[in-house]
Amino acid sequence: MTVLAHPGSKAANSLSLNMKLLAHHELDGFGGIGEGMALQQTRDGRRILWLAHESAPKNFTGVDVTDPTKPKMVIQTELPHAKVRSNSLDVVGDLMVVAYQTQTVGLSPAGIDLFDISVPESPKLLSHLDRSGPHSRGVHAVWFVDGEYVHMASGAADFEPHNPLDDQFYQIIDVRDPKNPKEVGRWWYPGTRKGDPEPQPRRLDKKFDCGFRAHNTNVFPQRPDRAYCGWLDGGAVILDIADKTKPKLVANWRYSPPFNGFCHTVLPMFSKNLLVVSDECVQDGGADWPKLVWMVDARDETNLVPIGTFPMPPVAAFGKRGGRYGAHNMHENLPVPTSFQSEDIIFGTFFNGGVRVYNISNPFQPEEIAYFVPGAPPTSPAGAIQINDVYVDENRVIYAADRFGGGIYILEMTI
Amino acid sequence: MSAASLTPQQIAGKLPVTVITGFLGSGKSTLVKRLLTRPEMNRVAVIVNEFGEIGIDNELISEVSENMTLLSNGCLCCTVRTDLEETLRELFIKRRAGEIIDFTRVVIETSGMADPTPVVHTLLTDGMVFARYRLDGVVTLIDAVNGPGQLKEFPEAGKQVALADRLIITKTDLVTAEQVQALRDDLAQANPYAAIHTAVQGEIDPALLIDVIPARPRESQISSWLFGKDTAPEAGGDGAEAGTGYLGNRVRAEHTLNVNSFVLTFDQPFTWDAFSAVTQLLTSMRGTDLLRVKGLVNIAGEPGPVVVQGAQHLFHPPVTLAAWPGEDRRTRIVFITRNIPRAAVEGLFNAAAGLTAH
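Rules and cut-offs
- Residues numbered from 1 in each chain as written.
- Chains lettered and ligands numbered in written order.
- Predicted model: local features only at pLDDT ≥ 70, side-chain atom pairs only at ≥ 80, totals over all residues.
- Heavy atoms only, no water.
- Helix = DSSP H or I, 4+ residues; strand = E, 2+ residues; numbered from the N terminus.
- Buried < 20%, exposed > 50% of the residue type's maximum accessible area, 1.4 Å probe, protein only.
- Contact = heavy atoms within 4.5 Å.
- Areas by Shrake-Rupley, 256 points an atom, 1.4 Å probe, with all protein chains shown as cover.
- Pairing = 2+ DSSP bridges.
- Axes fitted to C-alpha atoms, helices over the stretch in contact; angles between N-to-C directions.
- Phe/Tyr/Trp six-rings, centres within 6.5 Å; stacked < 30°, edge-to-face > 60°.
- Disulfide = S-S within 2.5 Å.
- Salt bridge = Lys/Arg side-chain N within 4 Å of Asp/Glu carboxyl O.

**Student:** What is the right way to read the overall build of chain B from this model?
**Tutor:** Assigned secondary structure in chain B consists of 13 helices and 15 strands. When burial is assessed residue by residue, chain B has 59% of its 358 residues classed as buried. For chain B, the proportion of contacts with a sequence separation of at least 24, taken over those separated by at least 6, is 75%. Entry remark: accessible area of chain B is about 13800 Å², with carbon and sulfur atoms responsible for 52%.

**Student:** Is there a simple way to think about the sheet that holds strand S3 (residues 33–41) of chain A in this case?
**Tutor:** Sheet strands line up and pair through hydrogen bonds in the backbone, either parallel or antiparallel. Residue and element names in this part refer to chain A. What the 4 strands build is an open sheet, ordered S3-S4-S5-S6; its pairing is antiparallel. If you trace the sheet from one side to the other, it starts and ends with S3 and strand S6 (72–78), each paired once. Taking each pair of neighbouring strands and ignoring which way they run, the sheet shows an average axis angle of 20 degrees. In this sheet, S6 lies alongside strand S5 (residues 58–64) in antiparallel orientation, the contact comprising 5 bridges. Its bridge partner being in S6, Val-63 is matched across the sheet by Met-73.

**Student:** Please clarify how the pairing of strand S25 (residues 355–359) of chain A should be interpreted in this entry.
**Tutor:** It is a general feature of regular strands that their side chains alternate between the two faces of the sheet. Residues and elements named next belong to chain A. With 5 of 5 residues buried, S25 lies mostly within the body of the structure. Residue alternation in S25 divides its side chains into two sets, Val-355, Val-357 and Asn-359 and Arg-356 and Tyr-358, and both sets are buried. The pairing of strand S24 (residues 345–349) with S25 spans 5 bridges and is classified as antiparallel. Bridging across to S25, Ile-345 finds its partner in Asn-359. Connecting the antiparallel pair S24 and S25 is a turn made up of 5 residues, with Phe-351 showing a positive phi of about 55 degrees. Relative to strand S26 (residues 367–373), S25 is paired through 5 bridges, and the arrangement is antiparallel. Bridge pairing links Val-357 to Ala-370 in S26.

**Student:** Just checking my understanding: could you explain the packing of aromatic side chains for this structure?
**Tutor:** The relative placement of two aromatic rings is captured by the distance of their centres and the angle of their planes. Applying the stated criterion to the full structure yields 31 aromatic pairs over all chains. Geometrically, the ring pair formed by Phe159(A) and Trp188(A) is edge-to-face, given 5.7 Å between the ring centres and 75 degrees between the ring planes. Highlighted residues: Phe159(A) in the loop between strand S13 (149–154) and strand S14 (169–174) and Trp188(A) in the loop between strand S15 (182–187) and strand S16 (217–218), separated in sequence by 29 residues. On the numbers, 5.8 Å between centres and 40 degrees between planes, the contact of Phe266(B) with Phe349(B) is tilted.

**Student:** Honestly, the state of the cysteines in this entry has me stumped. Any pointers?
**Tutor:** As used in these notes, a disulfide is a covalent bond between sulfur atoms, one from each of two cysteines. In this structure the tally under the stated criterion is 0 disulfides over all chains. Here Cys210(A) stays unpaired: no disulfide links it, and the sulfur of Cys281(A), its closest cysteine neighbor, is 10 Å away. Judged by relative accessible area, which is 16%, Cys210(A) ranks as buried. Take Cys78(B): it sits in no disulfide, and the sulfur closest to it among the cysteines is that of Cys77(B), at 6.7 Å.

**Student:** Can you help me understand the pattern of salt bridges in this one?
**Tutor:** Opposite charge on two side chains permits pairing when their charged atoms draw close. One pass over the structure, following the stated rule, counts 45 salt bridges over all chains. One salt bridge in this structure joins Arg96(B) and Glu368(A), with 2.6 Å as the shortest N-O distance. With Arg96(B) in helix H4 (residues 84–96) and Glu368(A) in strand S26, the pair connects residues from two separate chains. What makes Glu368(A) buried here is its relative accessible area of 1%.

**Student:** For this particular structure, what's the right way to read the pairing of strand S15 (residues 331–338) of chain B?
**Tutor:** With 8 of 8 residues buried, S15(B) lies mostly within the body of the structure. Residues Thr331(B), Ile333(B), Phe335(B) and Thr337(B) line one face of S15(B) and the alternating positions Arg332(B), Val334(B), Ile336(B) and Arg338(B) line the opposite face, and both faces are buried.

**Student:** What am I meant to see in the sheet that holds strand S1 (residues 15–17) of chain A here?
**Tutor:** Here we have 4 strands laid out as an open sheet, ordered S1-S26-S25-S24 (chain A), and antiparallel in their pairing. Both outer strands of the open sheet, S1 and S24 of chain A, are each paired with one neighbouring strand and no more. Neighbour-to-neighbour, the strand axes of the sheet open up by a mean angle of 25 degrees, direction not taken into account. Of the strand pairs in this sheet, S1(A) and S26(A) are connected by 3 bridges, and their pairing is antiparallel. Considered in S26(A), the bridge of Ser16(A) is made with Phe372(A). Its contacts with the sheet place H4(B) against S1, S25 and S26 of chain A, and it is angled at close to 125 degrees to S1(A).

This is the structure:
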């Protein structure tokens, strides 16, 4: 008998549980998507999925997913140069906000663009908010769900951090006049800015030091006076933004060390007084394992207590499968009509672990109920899928994006 | 556990398990061997007693591990290494880690003489197995040549028939049509609520093994699971009234197997407390003789019927379906018992219904 390696053990093969692939679109060979996904319902009845690219040369792409089994690309735009990336975007109605982050400080464009996308094929630039500066790389992530304010992680011309890794902090931008966006408030991690009276925060070991920067800065209509922020090595941060001009710290759950930093998303479950907190894996081959999704008790928001983590396949199974393996973006229950919203069923991305779905009805024991791990895209430098972000629409159609060449995978759950 | 503690989605999300049982020589290995070559089995993991018995050498394309092999049609075939729980756990862990195919169903071939009840109970009592798998039916094979004698001689054979959701008479080419019909009548008498099929040389339609026990509210499937056919018998029907022949058969079957079966129907909804109390009383007093119970129960306040099923002392956790599959909202429960008269069970449930009537 010939003994062969089992084909299922290769990163080339797809793995699924209770999920079905409806369609796959490689975005014309530019299938590297960052962490910006939004779904527009157009006035002429179409549904356009907007995607921010992970890196140059492409800026953003619009895909018509009116029929999710037949996605059609309607537009793909270019960046001005190779040292900038968009990475993040959000859409409210016909208004789209796109982030720009440069590779090094001092470059531009570094900030946000606002586009009128009422005709998706020809987005009209309404304004650019410049956040470039001698110590700024611009904007990494935006949150825009109410049509009025953009909450974002950004540097600024007037901000000089002690450590260059700490350049992006929380900023609130008033876009009620989209042609004239204005900063209204900001908060940075105490001790990170030159001149702060507080001592500098204790940094992680060099191997894991990623900085004290804001990542996702989410504000929901259930609590318009709170911003829920992932603050990388600073952990989870809750801010009081009742006065948008003066955000104040409510709570900071700091769990690294002993963990390896990079808190990414803080997602509140308001009906349950819980937070789902995700890390981001940023090293290949399991080098920064474990990067987890945490369940945190927030009954007392000033005393956040972790009560569990989402189960993931063992690092032995996926750590060396290619690229990164660990937590990253969650579907964030965006309070917009085209977004799935649930405080029981949570969708997360895990790079080569694909997109995974959890039932958190029992928060002490989150249960994995479905997953889809696409086979390695042929052009992927990681040699494996690297699912980077996920968006779930109100019909529970799941859009998962690859970080490198895979483009988007459109899925449905079979349960 | 409350009736609603498992959502239908969760049940539908578990991997279905088909249990194939039957007495020694009933043709299980032949049937499994034929199944293993069918293209429809490309995402099925089949747990067999021994590789040798089913002779799959020609179908084999790769060995996953000592006890798992992948066949050319994509079917995964494995043997039980230590115990069945361990094998089912290992299968899920390897599936999740991408070491084996994404199987969507497990078929278990039980060993010869065995009472299949423990296999069914394995799916309920092991935490991880229960979290990931659900029973999707017991298929019992009865050999047309030796079956009638085995049914008389060995009580395990009777239990295999009583537990079945599908009955398959094998080797029908080796006996007369009259003999097949007599066996069919006996089986229908012992377990009138299982569909009866025949197979020659292990040839069956794999679809017979799929979606046997309802995980979603589909009327035809539920009727076929409960009553062995697409329409329900008349209210209050028992085996004889379910259209399976004349009294002589009935007497013979009961003598042979000491098994009787009946359907109870109730017009008024139960409260969950009353229903579960009666069920617990019944299982604690007569669990050994409660060979099979399956049914749809109308629980006050639930959006759809609660699917209950059990074998002997163990009941599966009740599952509330999202909606009623049709107009009939009555509670309908099938009992296959050994020496428990219908009147006794009916009295018990009526008493409970009386106590909770508003």
